[in-house]
Amino acid sequence: MSVTRRPRDLLRRLDPAQRRWGGAGLVAGLALASVLVSLTGKGTPPSVSSFTGCGGPNRLTVATGADITAGSFRRDLIEEWNRTHTTQVTLVEVADRTDEERVEMAGRARLGSCAYDVFSVDVAWMAEFARSGYIRPYPLEPGEANRYVGNVLAAGQVDGVQYAAPFVTDVPLLFHRRGVPVPTTMEQLWKYAAENGGYSVQLGDYEGGTVNLLEAILSAGGRITDGERIVVDEEDSGERVRKALSRWHALLERGVLARGAENFSKEDTFSTFRNGFLERGSRNSVEESSLQAFRDDDVAYMRNWPFAFHRLATDRSMYDDQGRLRFGMAALPGAGILGGFNLAISAHSGNPAKARTLIDFLTGHDAQMKLFACSGYPPVLESVYDEYEKNPRTCGQLLAPTAGKGATAAPTDGPASVPAGEDTELTGPMLQDLAAKIHQTLLRAESRPQYSYYAAFSEVFRSCARAVVTGDLLAKELDLARFADALRDARQGRAPAETVRSLAHCGKPEGRQGQ
């Protein structure tokens, strides 16, 4: 793999509002450098300069984030396409984190670059990419909309126009150690977590932190937005927001929320749940071996995305001597935010028809079945959930030469069989249960606000909400009117008068500004 740096010309081409909100992230992304993974063949991946021009009549380039799933089967699908089609596809993993991924893709699109034909667009960026003219409308054929889960398809619509096809969706699940009670309400979760070693969430200063904080507020009956409106300064909602954030601060102080969570990303949280803590610190965590974690059951509950199930269940250390999983999963008791990525055709692609054919392949029933069974990508098609309810098939069965819709499912009872090798394959019953939990949660998941400057809105929201949870700002000091005005400005692309880190827009008293 090659490590390359992004051209700083992108920053100079941004308009003033985008420089304020995208510049810092862009510079960070440039300095961190992006890893490019080419799947057109073996050998040394191409440098970033390979993606500055158009691809030509028989090449497509797909821009996406890093694949952190078990098995990384997305890459196998691209290789399958390349074996069977004249048009060759290169998958470019532009960044590890979604925030940096957005900056790279939006920067290229704003320059009018035809380097990427297809963008894997986070559902939170759809309004920005569509209204800025970065992507083309994606009209559906008659009856095609019925293939998709309703709210998942809607996440690709902006102003009543379909701009993308869903590729993978995402919803939070509750993972729990085997033997602990499974909560069905948030109050039960706090009680059980206090008694059994804590609840691990992601509160780091990135988009995942925004999602977790929104879920915390919605679960407590508060709201930040109502459609296009900012409502955090309205009396009923505002007090519920204060109360929810104050509650989470108290839970963090008491260790019910695992200490270190204020800096956790989803990867950190996954490791915490698997490995446990040697000690608890206010700003960091020290991990110990999985054996000690299992013995001590130090972290009993974890909020995470479905990818974590595959990552845990394909690890032999997560099974006991009888081949039973050491953990279980359930629907998250509170509100869940819809995640996922859509496939959209770049407005500057020279091959839009071929790009559409590729998207049809990646969103087809067989591809979605394999992505789910082999890597844990939550499906976007109703037909996949229907099939896993009736005829759950493993990754091995789907990849077998005789695999097809008529293939026989794995046995649906009995413990998992753990092979002698290092990893194990998920069984039919495991996949059946996972699909059911995802589908159940999908049907009640809420979407994030559809704002053209959503990234700016997210940054302002997260800065104030995190400050209360971590104790940098007292809940009573949160000035709801100033907070709401800052959010209204942010959604229009206007930055606060002072830096976001100062927390002045949250109402933090002068002389005690953010660290």
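Look a little higher up for the structure.
Q: Mind showing me how you'd approach the pattern of salt bridges here?
A: Side-chain pairs of opposite charge can arise whenever the charged atoms involved come near each other. Under the counting rule described, the total for this entry stands at 26 salt bridges. Here Glu93 ties to Arg74 by a salt bridge, and the two come within 3.0 Å at their closest N and O atoms. Taken as a pair, Glu93 in strand E4 (residues 88–93) and Arg74 in helix H3 (residues 73–84) lie far apart in primary sequence, 19 residues in all. Exposure class is identical for Glu93 and Arg74. Each is buried. Of the charged contacts, one joins Glu93 and Arg75 as a salt bridge, the two residues approaching to 3.1 Å between their closest N and O atoms.

Q: I tried to follow the sheet that holds strand E8 (residues 165–170) on my own but got confused; where do I start?
A: Pairing between the strands of a sheet comes from backbone hydrogen bonds, and it takes one of two forms, parallel or antiparallel. What the five strands build is an open sheet, ordered E4-E3-E5-E17-E8; its pairing is mixed. What marks the edges here is a single partner per strand, and that holds for E4 and E8. Strand-to-strand twist across the sheet, computed as the mean angle between neighbouring axes with direction ignored, equals 20 degrees. Taken together, the six bridges between strand E3 (residues 59–64) and E4 define a ladder with parallel strand orientation. When the bridges of E4 are listed, Thr61 appears paired with Thr90.

Q: Sorry if this is basic, but what is going on with helix H18 (residues 454–470) here?
A: An α-helical turn contains 3.6 residues, so any two residues separated by three or four positions project in the same direction. Here H18 spans 23 Å end to end across 17 residues, near enough to the 24 Å set by a 1.5 Å rise per residue. For H18, the buried fraction is high: 15 of the 17 residues fall into the buried class. Phi for Gly471, located one or two positions after H18, is positive at around 95 degrees.

Q: Is there a simple way to think about the side chain of Glu207 in this case?
A: Summarising the element assignment, Glu207 is placed in helix H8 (residues 207–219). Of the polar contacts made by the side chain of Glu207, one reaches the side chain of Tyr454; its length is 2.6 Å.

Q: Got a minute to help me understand the side chain of Lys370 in this structure?
A: Turning to its location among the elements, Lys370 is positioned in helix H14 (residues 365–375). In contact with Lys370, not counting residues within four places along its chain, are Phe73, Glu80, Ser375, Leu398 and Leu399.

Q: I'm lost on the sheet that holds strand E15 (residues 301–304) in this one. Help?
A: Taken in spatial order, the four strands of this open sheet run E10-E15-E9-E16, and their pairing is mixed. Every other strand in the sheet has two partners, leaving strand E10 (199–200) and strand E16 (327–331) as the edge strands with one partner each. Summarising the sheet, E10 and E15 pair through two bridges and their orientation is parallel. Bridge pairing links Tyr199 to Tyr301 in E15. Taken strand by strand, helix H7 (residues 186–196) contacts strand E9 (173–177), E10 and E15, and its axis lies near 125 degrees from that of E15. Contacts from helix H17 (residues 428–442) reach E9 and E16, with the element oriented near 30 degrees to E16.

Q: Hey, could you run me through the environment of Arg97 in this one?
A: Turning to its location among the elements, Arg97 is positioned in the loop between E4 and helix H4 (98–110). Between the C-alpha atom of Arg97 and that of Gly208, which follows or precedes it by 111 residues, the distance is 9.7 Å. If we ignore the near neighbours within four places in the chain, the residues touching Arg97 are Asp205 and Tyr206.

Criteria and thresholds
Position numbers for residues start from 1 in each chain and track the written sequence from start to end. Thresholds applied to this predicted model are a pLDDT of at least 70 for local features of residues and 80 or more for the giving and counting of side-chain atom pairs; totals over whole chains, interfaces and linings are not thresholded and use all residues. Excluding hydrogens and water, the side-chain figures rest on all heavy atoms present in the structure. Basic side-chain nitrogens of Lys or Arg form a salt bridge, by our definition, when they fall within 4 Å of a carboxyl oxygen of Asp or Glu. Helix and strand assignments come from DSSP, with helices taken as H or I runs of at least 4 residues and strands as E runs of at least 2, each series counted from the N terminus. The cut-offs for exposure are 20% and 50% of the maximum accessible area for each residue type, with area from a 1.4 Å probe on protein chains only; residues under the lower value are buried, those over the upper are exposed, and the others partly exposed. Being paired, for any two strands, means DSSP has found at least two bridges between them. Axis geometry follows a simple rule: fit a line to the C-alpha atoms, using only the stretch in contact for helices, then measure angles between N-to-C directions, giving values from 0 to 180 degrees. To estimate how far a helix should extend, the number of its residues minus one is multiplied by 1.5 Å. Any N or O atom pair separated by 3.5 Å or less is treated as a polar contact, with the protein-specific requirement of one donor-capable and one acceptor-capable atom, and with residues adjacent in sequence counted only for side-chain atom pairs. Residues are treated as being in contact if the distance between any of their heavy atoms lies within 4.5 Å.

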